[in-house]
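Residue strings, one per chain:
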Amino acid sequence: MSGFNNSVNLKKELCMGCINCIKRCPTQAIRVRDGKAFIIKEFCIDCGECIRICPHHAKEATYDSPDIMKRFEYTVALPAPSLYGQFNNLEDINIVLTALKKMGFDDVYEVSSAAEIVSELTRAYVANNKDKWPIISTACPTVVRLIKIRFPNLIDHLLPIYAPVDLAAINARKQAMDKTGLSSEKIGIIFISPCPAKVTAVKSPIGIEKSEIDGVLAMKEVYTILLPYMKESMNNVEDIGKSGRIGIGWGSSGGEAGALLVDNYLAADGIDNVIRVLDDLEDQKFEQLEFIELNACSGGCVGGVLTVENPYAAKVKLKRLRKYLPVSCTHYDENINGDTYWTEEVLYEPVFKIGSNMHDSIMKMARVEELCDRFPGLDCGSCGAPTCKALAEDIVRGVAKEEDCIHILKDYIHKLSGELSRLDGKR
Amino acid sequence: MNESITLNYDVDSNDFTRAGEASSSVKRKLKLMGVDPDIIRKVAISLYEGEINMVIHSYGGTIEVIISTDMIEMILRDKGPGIEDTELAMQAGYTTAPDNIRSLGFGAGMGLPNMKKYSDDLKIESVVGKGTTVRMKVYIPKNIS
């Protein structure tokens, strides 16, 4: 499937083979096989739900170690706005930005400042493309991936503009090259991310040919490194910050849509809610809306699986930080920003498809229905699939067998032992 | 050889919390079968509107969906008051839905017009005082099946 990577790893020794993750996965991408969880890569949208739910901490997100900085001559940190919501009693964002430089980065480019440019461009795009209303935000890579594999009719509604982090990466690289005269490969653009979906988006970008991000660090790891440097920075704060209320607002749900300065929008967060909205949208229940902001994590990016603070507490902190900031500090400049629209067409990937053609699909669907009638319908998960229906689909796909269902197996053994005792009686 | 598959659903009247279940189940299955997204959209919308109509106006009924290689046929049979003037009912904006249903955002008089718009063939047989049968077809063109 076009070399798709996902960013969740299994620590086999910790996995107990329980059914927590297979039940929680919104795309039914996980099975328990041979007593261990197994992710079907093509179905995975990198939402991080399995990492959150696993009681044995057997699932971990993939991300880079801070050592990646050593690979480059010059590094630029791209902090996500959600980072600012992680700290208690933070009064000035510049303290965080100064500490990032003390930690070893040569420069800092705030994702929130690029977000203000994206907001400006989105306002124009929404106004000029009424035929595509409602426009769906594309900042959350999990949402984009979900639409690509499951909601083909909504692909046309996607906002074809670079996500703030990708725009920030392009601008940061250009700035660094101009400033230092170094060639591109000597410059490391490192994103400090609230979620592992961005790791995937760097490896398998959607809508753009290649990501300009060289490394992705986990916010929770950077957090602990930053704390002592923040204390140190208190007395000598550099004035680095270039974002206002709009940019910082992107860190939590509703921020992106609110920045469009229209009333006619919807903002949903949490993967289950996102799916419900997309389902309804597909049935054309929201035609009167202009814009739909969707975040896979509850609360928005502050709810990312790599964050430290409770998402709703982080949201309050962001609100406090925004309070006395100018509305917007960074504006679109044609000469600096160049092209900010997607260059690659986004195509539907029917990963869940069971047949090779309509005839084959009809036969397989009939078999799924027939199997579902025979299964007990308990969705117990003992077979390793999340539901009886998922097992039936696995069977027609040829990756599972009927006897994986313990209830079918029990009947089979019962019948067999009956046969045996009958034979025994005849002797 | 199985050249078609039939799906059956029951529809309760006035149970709004379950309205749309049949159409979303059909939608999920068609996606699984790899049916062209445009076809799915046509089926999903026309069936959804038909299902909602049954919930609003009828006393309950059944939905039968026959999926074959060249078309998807939907037959919605209900017991109910029937439609007095089919031509009038087909007009955009014409509605007989009661206020309590309109306050839920339904009953805007676009049900039948949308069913006509999104299906390739629509036939309505209605007997006043008995019920209504709606037959809709969405064809799958050869080149995309």
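All of these numbers come straight from a predicted model, not from anything done at the bench.

### Focus: the overall build of chain A
Broken down by element type, chain A carries 16 helices and 11 strands. Taken against the 2.2 N^0.38 rule, which gives 22 Å for 427 residues, the C-alpha radius of gyration of chain A at 25 Å falls within 12% of a compact globule. Considered along the principal axes of its C-alpha atoms, chain A spans approximately 95 × 50 × 40 Å.

### Notes on the interface of chain A and chain B
Much of the literature gives interface size as the accessible area that the parts lose upon coming together. Facing the 19 residues of chain A at the interface are 19 residues of chain B. Elements that contribute at least two residues to the side of chain A that touches chain B include exactly α11 (271–282) and α14 (358–374) of chain A. No other element matches the seven residues that α14 of chain A contributes to the side of chain A that touches chain B. Taken together, the residues of the side of chain A that touches chain B sort by class into 10 nonpolar, five polar and four charged.

### What to know about the domain arrangement of chain A
All names here are of chain A. Once the domains are mapped, chain A shows domain 1 (1–61), domain 2 (66–322) and domain 3 (355–427). On a C-alpha basis, the centroid separation for the pair domain 1 and domain 2 is 25 Å. Facing the 15 residues of domain 1 at the interface are 18 residues of domain 2. Tallying contributions element by element places helix α2 (residues 49–53) first for the side of domain 1 that touches domain 2, with three residues. Its residues placed into classes, the side of domain 1 that touches domain 2 shows seven nonpolar, five polar and three charged.

### Some remarks on helix α6 (residues 164–180) of chain A
Turn by turn, an α-helix covers 3.6 residues, leaving residues three or four places apart pointing in a common direction. All names here are of chain A. When the terminal C-alpha atoms of α6 are compared, their 24 Å separation across 17 residues agrees well with the 24 Å that a helix rising 1.5 Å per residue should span. Taken together, the buried positions of α6 are Pro164, Val165, Asp166, Leu167, Ala168, Ala169, Ile170, Asn171, Ala172 and Ala176. Where α6 ends, the next residue or the one after it, glycine 181, has phi of about 75°, a positive value.

### Notes on the sheet that holds strand β3 (residues 71–79) of chain B
All names here are of chain B. Here five strands make up an open sheet; going across it, the order is β1-β2-β3-β5-β4 and the pairing antiparallel. Each edge of the sheet is formed by a strand with only one pairing partner; in this case those strands are β1 (4–11) and β4 (121–127). Across the sheet, the axes of successive neighbouring strands diverge by a mean angle of 10°, strand direction being ignored. Both β1 and strand β2 (residues 61–68) contribute to a ladder of eight bridges, which runs antiparallel. Looking at the pairing, aspartate 10 lines up with threonine 62 of β2.

### Observations regarding the pairing of β2 of chain B
Residues in a regular strand point their side chains to alternate faces of the sheet. All names here are of chain B. Of the two faces of β2, only one is covered, namely that formed by Gly61, Ile63, Val65 and Ile67; the face formed by Thr62, Glu64, Ile66 and Ser68 stays uncovered. Relative to β3, β2 runs antiparallel, the two being bridged by seven bridges. Residue pairing across strands places glutamate 64 opposite isoleucine 75, the latter belonging to β3.

### Some remarks on the pairing of strand β2 (residues 30–33) of chain A
Residues and elements named next belong to chain A. Of the pairings in the sheet, the one linking β2 to strand β3 (residues 36–39) comprises four bridges and is antiparallel in character. Residue pairing across strands places arginine 31 opposite phenylalanine 38, the latter belonging to β3. The loop that links β2 with its antiparallel partner β3 comprises two residues; one of these, aspartate 34, has a positive phi angle of about 50°.

### Re the sheet that holds strand β10 (residues 265–269) of chain A
All names here are of chain A. One open sheet holds the three strands; their spatial order is β7-β11-β10, and the pairing between them is parallel. Of all the strands in the sheet, just β7 (135–136) and β10 have a single pairing partner and so form its edges. Sheet topology note: the β7/strand β11 (residues 291–295) ladder contains two bridges and is parallel. Its bridge partner being in β11, isoleucine 135 is matched across the sheet by phenylalanine 291.

### Concerning the packing of helix α1 (residues 21–32) of chain B against helix α2 (residues 37–57) of chain B
All names here are of chain B. Close contact between α1 and α2 brings their axes to 8 Å; oriented N to C, the two are set at 165°. When the interaxial angle is binned, α1 and α2 end up roughly antiparallel. Considering how the two elements wind past one another, α1 and α2 form a crossing that is right-handed. Here Ala22, Ser23, Val26, Lys27, Leu30 and Lys31 of α1 come into contact with α2, specifically with Ile40, Val43, Ala44, Leu47, Tyr48 and Glu51. Class assignment of the residues belonging to the contact of α1 with α2 gives a composition of eight nonpolar, one polar and three charged.

### Comments concerning the environment of arginine 145 of chain A
Residue and element names in this part refer to chain A. Of note, arginine 145 is situated in helix α5 (residues 141–150). For arginine 145, a count of 24 C-beta atoms within 10 Å gives the class buried. The spatial distance from the C-alpha of arginine 145 to the C-alpha of alanine 197 is 9.6 Å, given a sequence separation of 52 residues. Residues in contact with arginine 145, not counting those within four places in the same chain, are Ile45, Asp46 and Ile206.

### Points about the confidence of the model for chain B
Mean pLDDT over chain B stands at 88; residues scoring 70 or higher make up 94%. For this predicted complex, the interface confidence score (ipTM) comes to 0.79, while the overall pTM stands at 0.90.

### Side note on the confidence of the model for chain A
Atomic detail in the predicted coordinates should be set aside for any region of low pLDDT. Averaged over chain A, the pLDDT score is 93; the fraction of residues at 70 or greater is 97%. The secondary-structure element of chain A with the lowest mean pLDDT is helix α13 (residues 334–337) of chain A, recorded at 68, while strand β5 (residues 74–79) of chain A shows the highest, at 98.

### Things to note about the nonpolar core
The nonpolar side chains of soluble globular proteins are, as a tendency, buried together. Residues Val76, Leu78, Val96, Ala168, Ile192 and Leu391 of chain A are the most contacted members of the largest nonpolar core, which totals 153 residues. Here the element with the most residues in this core is α2 of chain B; it accounts for 10 residues. Once residues lying within four places of it in the same chain are set aside, the contact partners of valine 76 of chain A are Phe105, Asp106, Asp107, Val108, Tyr109, Ala172, Ala176, Ile189 and Ile190 of chain A.

About the cut-offs
- Residues numbered from 1 in each chain as written.
- Chains lettered and ligands numbered in written order.
- Predicted model: local features only at pLDDT ≥ 70, side-chain atom pairs only at ≥ 80, totals over all residues.
- Helix = DSSP H or I, 4+ residues; strand = E, 2+ residues; numbered from the N terminus.
- Rg over C-alpha atoms; globule rule 2.2 N^0.38 Å.
- Contact = placed C-beta atoms within 7 Å.
- Nonpolar A, V, L, I, M, F, W, Y, C, P; charged D, E, K, R; others polar.
- Domains from an automatic or database assignment.
- Expected span 1.5 Å × (residues − 1).
- Buried ≥ 20, exposed ≤ 12 C-beta atoms within 10 Å, placed from the backbone.
- Pairing = 2+ DSSP bridges.
- Axes fitted to C-alpha atoms, helices over the stretch in contact; angles between N-to-C directions.
- Parallel < 35°, antiparallel > 145°, perpendicular 65-115°, else oblique.
- Left-handed = near helix turned anticlockwise from the far one by under 90°.
- pLDDT = per-residue confidence, 0-100.
- Core = buried A, V, L, I, M, F, W, Y, C linked by C-beta atoms within 7 Å.

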